[in-house]
Amino acid sequence: MELLMFSIATFHVLLSFKFFTWLYNKMNWSVKNYKNKYVPYSIGVIFLWVIWIDMLFFSYFDVIFYSIPYLFVIWILGFIDDRYGKPYPKGLRGHFLLFINEKVFSTGLLKAVGVIIISIYYTYHFHMPHVVSFIYLCLLILFPHSMNLLDTKPLRVWKFSAVTILLPFIIYEINLFITLFSLCLFTFWFVYESRMKGMLGDNGAMLIGGIGAIIAIEIFPISYIILLLAICVFTTFMAEKVSIQAWLERTPIVRHFDQLGRAK
């Protein structure tokens, strides 16, 4: 029975990747990537769709079911920025200065404010000590933001989430179906992004960050959550002060890892 369920789930994931890639190409919902090629930002909606179908029919990832409103808002904010956002300004500071100086409420600022509001609303329902709730709140805000900052080159978010979320999740869950299904999902994601058939876009990067934050809060110990939060703070600081790409270029080991699997 487990094998049958896994086969059905895997087939559904494959169809989802193919269908949404076709749909986004049909709708011209795509952006230029680092190779100056138009690629549909469809992988984000695929993850949201997989979670929704699992909630309706399989119930294996029930750890994130009650988080659907938070994840949907995170995704829609990213999708709006993908569809209507402008290349500039860059960074949170740039969007806030644009609003202060020119009274322009950009999609980037909408995204930042929206994430803060939905994270506060979501954190309110934890009923945890204030310090712990504040740590959760910061992770819910900064993890999607950090993933968004990292998603400027293919597979960067894939590698980061595989190391920080997927592997610990599999270790803590110790569930054969979830392990195989997660690996299957990540494999399809790797193939589509590495071959430039699809990309995360802001909607996908933020959604992955939201899922990662929920899994961390629900499963991982507080010490690991604090470590993830520290990484997010560092990523945000580097993006605002230097740039992620510039920092990677100065760090040979990390740069080599970052370039693995990327189309030349």
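Here the focus is the overall build of the chain. Along the chain, the regular secondary structure elements total 12 helices and 2 strands. By the compact-globule yardstick of 18 Å for 264 residues, the chain fits well, its C-alpha radius of gyration being 18 Å. With the C-alpha coordinates of the chain rotated into their principal frame, the extents come out at 60 × 50 × 35 Å. In the chain, buried positions account for 53% of the 264 residues. For the chain, the share of sequence-separated contacts (at least 6 apart) that also reach a separation of at least 24 residues comes to 74%. With an accessible surface of roughly 13,600 Å², the chain has 71% of that area assigned to carbon and sulfur atoms.

Throughout the structure, instances matching the rule amount to 1 cavity of 30 Å³ or more. In terms of lining residues, the largest cavity is bounded by 18 residues, among which Phe47, Leu185, Phe186, Ile211 and Ile215 are the most central. Secondary-structure elements contributing two or more residues to the lining of the largest cavity are helix H2 (43–58), helix H7 (156–173), helix H8 (176–194) and helix H9 (201–219).

Before going further, it helps to examine unusual backbone geometry. At Asn28, a residue that is not glycine, the phi angle is positive and equals roughly 60°. If you trace the backbone, Asn28 turns up in the loop between helix H1 (2–26) and strand E1 (30–32). A relative accessible area of 61% means that Asn28 is categorised as exposed. A positive phi angle is found at Leu155, which is not glycine, with a value near 70°. Mapped onto the elements, Leu155 comes out in the loop between helix H6 (130–150) and H7.

Time to look at helix H3 (residues 68–84). Compared with an ideal rise of 1.5 Å per residue, which puts 17 residues at 24 Å, H3 spans 24 Å between its outermost C-alpha atoms and is within 8% of the ideal. Burial in H3 covers these residues: Ile68, Tyr70, Leu71, Ile74, Trp75, Leu77, Gly78, Phe79, Asp81 and Asp82.

Before going further, it helps to spend a moment on the nonpolar core. Formed by 83 residues in total, the largest nonpolar core has its most connected members in Phe17, Leu139, Phe143 and Trp189. The leading source of residues in this core is H9, at 11 residues.

Under the defined criterion, the tally for this structure stands at 2 salt bridges. We note a salt bridge from Lys111 to Asp81, for which the minimum N-O separation is 2.7 Å. Note that Lys111 is positioned in helix H5 (residues 107–123) and Asp81 in helix H3, a separation of 30 residues in sequence. Comparing Lys111 with Asp81, the two get one shared label, buried. For Lys111, the salt bridge identified is with Asp202, shortest N-O distance 3.3 Å. Here Asp202 lies in helix H9 and Lys111 lies in helix H5, a separation of 91 residues in the sequence.

Relative to the assigned elements, Asn203 resides in helix H9. For the pair formed by Asn203 and Leu229, sequence separation is 26 residues and the distance between their alpha carbons is 21 Å. Those residues in contact with Asn203, other than ones at most four positions away along the chain, are Tyr41, Gly44, Val45, Trp75, Gly78, Phe79 and Asp82. Side-chain polar atoms of Asn203 contact the backbone oxygen of Tyr41, separated by 3.3 Å.

Calculation notes
Residues numbered from 1 in each chain as written. Predicted model: local features only at pLDDT ≥ 70, side-chain atom pairs only at ≥ 80, totals over all residues. Heavy atoms only, no water. Helix = DSSP H or I, 4+ residues; strand = E, 2+ residues; numbered from the N terminus. Rg over C-alpha atoms; globule rule 2.2 N^0.38 Å. Buried < 20%, exposed > 50% of the residue type's maximum accessible area, 1.4 Å probe, protein only. Contact = heavy atoms within 4.5 Å. Areas by Shrake-Rupley, 256 points an atom, 1.4 Å probe, with all protein chains shown as cover. 1 Å grid on protein atoms, 1.4 Å probe; cavity = no way out; pocket = protein on both sides within 12 Å on 5 of 7 lines; lining within 4 Å. Points joined across faces, edges and corners; volume = space filled by probe spheres on them. Expected span 1.5 Å × (residues − 1). Core = buried A, V, L, I, M, F, W, Y, C linked by side-chain atoms within 4.5 Å. Salt bridge = Lys/Arg side-chain N within 4 Å of Asp/Glu carboxyl O. Polar contact = N/O pair within 3.5 Å; in protein donor to acceptor, adjacent residues only side chain to side chain.

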